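Structural description and commentary
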Amino acid sequence: MPAKKKTKKVAKKKVKAKKKVAKEVTRKPAVSRKKAAKKKAAKKKTAKKKVAKKKASRKKTAKKKVSKKKAARKSPAKKKAIKKKVAKKKVSKKKAAKKKVAKKKVSKKKAAKKKVAKKTTTGKPKKKTMGKVTNIKKTPAQKSQKGKSAAKKKIAPYKQKRKNEDYMGPEQTEHFRQILLAWKTELMEEVDRTVHHMQDDATNFPDPNDRASQEEEFALELRTRDRERKLISKIDESIAMLDAADYGFCEICGIEIGIRRLEARPTATQCIDCKTLDEIKERHLG
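Computed from a prediction, not measured in an experiment: that's the story for all the values here.

Considerations on the environment of Ile-255
Among the secondary structure elements, Ile-255 is positioned in the loop between helix H4 (208-243) and helix H5 (259-264). The spatial distance from the C-alpha of Ile-255 to the C-alpha of Cys-271 is 7.1 Å, given a sequence separation of 16 residues. Excluding anything up to four places from it in sequence, Ile-255 contacts Gly-248, Phe-249 and Cys-250.

See below:
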């Protein structure tokens, strides 16, 4: 009897173990099914979100297109309004210019009528007193240019008659003597002319402006005559050098100055090279 009871208990235990295994086996697919269902639900949610986003983006693009079309429709209207404003401004400017021109013409006509009325009432117009002053101002510059150019026009430039002609021979010295004497006589004539001019035209003008202009003109003439006085002294020195047979040679290096340079500047005492060096030194020192 006890052996049968043991076998029954063992059999019951085996049956219970099989049932547990079967329950566990049945539970596992249920859990996996739940997980799969959850995954499907999550996928559906993401898909719905994507569809919603696409719809929102489509709506935004459609709104942008509509706004662009509206702006494109509005821009020609704005341009037309701007063009109208510009045209109105141009028309107003033209009208203002025409008004100004008309006013100027009217003012000129009135001024002309006033002048005619004054002439008819007063008779002959009065002579202006500034005519003498303008004539006086023109004299000093014209006289100084005539004095410099007249001496050179009278004497023609020197031409060598022989090929091997001596430098500063009797013919050349006579040529330059004539140039220097003619220049000196011309300057002396200018001095006499200014003296007579200042004696004859020295009048007391009632207007202080006329008197001031006359004094300024006399001061300019005296200044030019002072320069010519210094030039006359140089001409005398060059004539003395001609008599001593030292004319035409450089004072510093002793080289020939040259006929063409002496004709351009008869009182020259230095050659071109020495003169350029002196000018450079004066610039640096000054």
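Some remarks on the confidence of the model for the chain
Residues of the chain with pLDDT of at least 70 account for 69%, and the chain-wide mean is 76. Counting contacts from residues 120-145, a segment whose pLDDT is below 50, to residues more than four positions away or on other chains yields 18 contacts.

Digging into unusual backbone geometry
Located in the positive-phi region is Met-168, a residue other than glycine, with phi close to 60 degrees. Here Met-168 shows up in the loop between helix H2 (131-154) and helix H3 (170-200). Taking the relative accessible area as the measure of exposure, Met-168 reaches 14% and is therefore buried. The backbone phi angle of Ala-245 is positive, close to 65 degrees, even though this residue is not glycine.

Let's talk about the packing of aromatic side chains
Summed over all chains, the structure comprises two aromatic pairs. Ring plane angle 85 degrees and centroid distance 5.4 Å describe the contact between Tyr-167 and Phe-249, whose orientation is recorded as edge-to-face. In this pair, Tyr-167 sits in the loop between H2 and H3 while Phe-249 sits in the loop between H4 and H5, placing the two residues 82 residues apart along the sequence. Judged by its relative accessible area of 29%, Phe-249 falls in the partly exposed class. Measuring from centroid to centroid gives 5.8 Å for Phe-176 and Tyr-247, while their planes differ by 55 degrees, and the two rings are tilted. Note that Phe-176 is positioned in helix H3 and Tyr-247 in the loop between H4 and H5, a separation of 71 residues in sequence. Judged by its relative accessible area of 3%, Tyr-247 falls in the buried class.

Procedures and definitions
Residues numbered from 1 in each chain as written. Predicted model: local features only at pLDDT ≥ 70, side-chain atom pairs only at ≥ 80, totals over all residues. Heavy atoms only, no water. Helix = DSSP H or I, 4+ residues; strand = E, 2+ residues; numbered from the N terminus. Contact = heavy atoms within 4.5 Å. pLDDT = per-residue confidence, 0-100. Buried < 20%, exposed > 50% of the residue type's maximum accessible area, 1.4 Å probe, protein only. Phe/Tyr/Trp six-rings, centres within 6.5 Å; stacked < 30°, edge-to-face > 60°.

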